[in-house]
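A structural walkthrough
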Amino acid sequence: MVEQAEPGQTERPAWRRFLDRQISREPLVVVPTHAYGLRGVADGPPAPHRLVPLLRTALLGAAFAVLVVLALTRPTPLVAVPGVVVAVALAVGASEGTLRHWRHRRRLRRALVRHAPTTAMAYAGRSGGPWQLRMWEPYLLRSGEPNVIINLHAKYVERILTEGDTPLRSPFVQLGSRGMKDLDDALVPSLRAFFYVQNAQTNARFMARRDITHVWLNHGDSDKPANYNPRHADYDVLVVCGQAGIDRYANHGIHVDADKFEVLGRPQAWDIEPARGAIGSLEQPTVLYAPTWHGLDPAVNFSSLEQGPKIVAALLRRGVRVVFRPHPLSYRWRIRRAVVHEIHGLLEADRAAGGPAHVWGRRADVEWSVADCTNASDALISDVSSVVSDWLQSEKPYSMTAMRSSVEEFRDEYPIAQTAYVLRGDLENLDEVLDDLLVDDPLAEARSARKRYVLGEFRGEESAEAFAGFVRRVVREGR
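Now for a quick tour of the structure.

Parameters at a glance
- Residues numbered from 1 in each chain as written.
- Predicted model: local features only at pLDDT ≥ 70, side-chain atom pairs only at ≥ 80, totals over all residues.
- Heavy atoms only, no water.
- Helix = DSSP H or I, 4+ residues; strand = E, 2+ residues; numbered from the N terminus.
- Buried < 20%, exposed > 50% of the residue type's maximum accessible area, 1.4 Å probe, protein only.
- Areas by Shrake-Rupley, 256 points an atom, 1.4 Å probe, with all protein chains shown as cover.
- Axes fitted to C-alpha atoms, helices over the stretch in contact; angles between N-to-C directions.
- Parallel < 35°, antiparallel > 145°, perpendicular 65-115°, else oblique.
- Left-handed = near helix turned anticlockwise from the far one by under 90°.
- Contact = heavy atoms within 4.5 Å.
- Nonpolar A, V, L, I, M, F, W, Y, C, P; charged D, E, K, R; others polar.
- Patch = residues over 30% accessible without salt bridge, like charges linked within 9 Å, V, L, I, M, F, W, Y side chains within 5 Å.
- Salt bridge = Lys/Arg side-chain N within 4 Å of Asp/Glu carboxyl O.
- Lys, Arg positive; Asp, Glu negative; His and termini not counted.
- Charge placed at Lys NZ, Arg CZ, Asp CG, Glu CD.

1. Digging into the overall build of the protein
Within the protein, the regular secondary structure consists of 16 helices and 13 strands. Within the protein, buried positions represent 50% of all 479 residues. Counting every atom, the protein has about 23,300 Å² of accessible surface; 53% of that belongs to carbon and sulfur.

2. Some thoughts on the packing of helix α8 (residues 308-317) against helix α14 (residues 430-440)
As a packed pair, α8 and α14 sit with axes 11 Å apart at the nearest point and diverge in direction by 55°. With respect to α14, the element α8 is oriented oblique. The handedness of the crossing between α8 and α14 is right-handed. Across the interface between the two elements, Lys310, Ala314 and Leu315 of α8 pack against Leu430, Leu434 and Leu438 of α14. Grouping the amino acids of the contact of α8 with α14 by side-chain chemistry returns five nonpolar, no polar and one charged.

3. Quick look at unusual backbone geometry
With a phi close to 65°, Leu427 is a non-glycine residue in the positive phi region. Positionally, Leu427 belongs in the loop between β13 (421-424) and α14. Look at Leu427 and you get buried, because its relative accessible area is 13%. With a phi angle near 50°, Asp441 is a residue other than glycine that sits in the positive phi range. Examined against the element boundaries, Asp441 turns out to sit in the loop between α14 and α15 (444-455).

4. Looking at a positive patch on the surface
On the surface, a cluster of positive charge is contributed by Arg103, Arg106, Arg107, Arg110 and Arg114. Following the sequence through the fold, Arg114 ends up in helix α3 (residues 77-115). Its relative accessible area of 57% is what places Arg114 among the exposed residues.

5. Some details on the pattern of salt bridges
Tallied over the entire structure, the rule returns 20 salt bridges. Between Arg424 and Asp426 there is a salt bridge, with its nearest N and O atoms 2.6 Å apart. Look at Arg424 and you get partly exposed, because its relative accessible area is 34%. The salt bridge involving Glu457 is made with Arg452; its shortest N-O contact spans 4.0 Å. Looking at Glu457, the relative accessible area reads 59%, which means it is exposed. Salt bridges linked by common partners bring Arg142, Glu461 and Glu465 together as one network.

Structure follows, in structure tokens:
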């Protein structure tokens, strides 16, 4: 199709139309590694090249052509000197952005060397970054070791830095547009250990650096398959809460060398308080409903959220106070978000009608931590989730939903459910479970032993201190 000229204008030549199309295109942006919150270097990437790739190539070509002509014609100095100046000017114009990026990379490297991190959180995950990183960063920093966060996917930077109830305290290093090829920019001689909170396959690219110790933390303890993935055997150290974390691998036929495990309890549960009395003696108990998210694969969808409105409605009929904290990722899918808002509506309507002071929305999701929600509650309804492991610290009663299996099969497959009141996915036993959970509590004595099996023998801040000591030991001795 031939481009027609506007009335009164002559048709533009083909070369001009081609050049206009190139100039109007988005430039191919090459972004170097950059940082946020690193002293001595400005936040974010440097400004991109001002010229589109075609013009940069054209300028370099023109500079080369001038030099070739000068070499072939051997002009007098009066002609040669201006010619060389023109060639240099063309080359500098084409390379200005490259030189600016080079200066930025040098400043970044110097700033990282001055910060002298000994630990790094290597993150190749995606949308879970805001809460997965914040779950562990405070306990790494508790060790006193300087830390950085090295992130792979630039798409999630804004989300990671801005979402969450507290700002990240470590310098945040974003790898450049070449991804793992830019990792060398962030690796300074002081680094001794990488800590991983998400088991992305791309972690293997970080782990190829064998002069660094690679420590698997995960982002929560549960009986989900994410807690016994065969790839975990590739890490140098696996941090687990208790014997349950070790047994999960063997129970699923996965061999991990015994000397790789470090049993350190659950630092995040240090401030969870014990029960305020037997559940049956409380005049108006509070129930925390904390469904997990649906996952990216139906095979690992343990979420009861789709049944959530019925569960919450049954709790409201019993006159209990409800704290509702869905998994943060549930808000990112339209269908799940709609169910979350439906539950919000139930709680709001009940409170407006004179019901208890239920807690939901920003207060439960952001302003309160999991420990805050646990301490405000007397019983839990959840799924196969790390919330249950943290809850065990309190030894208060809890229920878990078996969305796709019988109660007996569920307890066999998920050991933490052996001291849970298991709710069937169709809710046929809902009333019976609520009687056990809120009145009779026949599993009260068994939960103490289950707690030690899952979370170890740590009390209070002992787990957080043990983890901090472990970090210092890895930095000092390696693995």
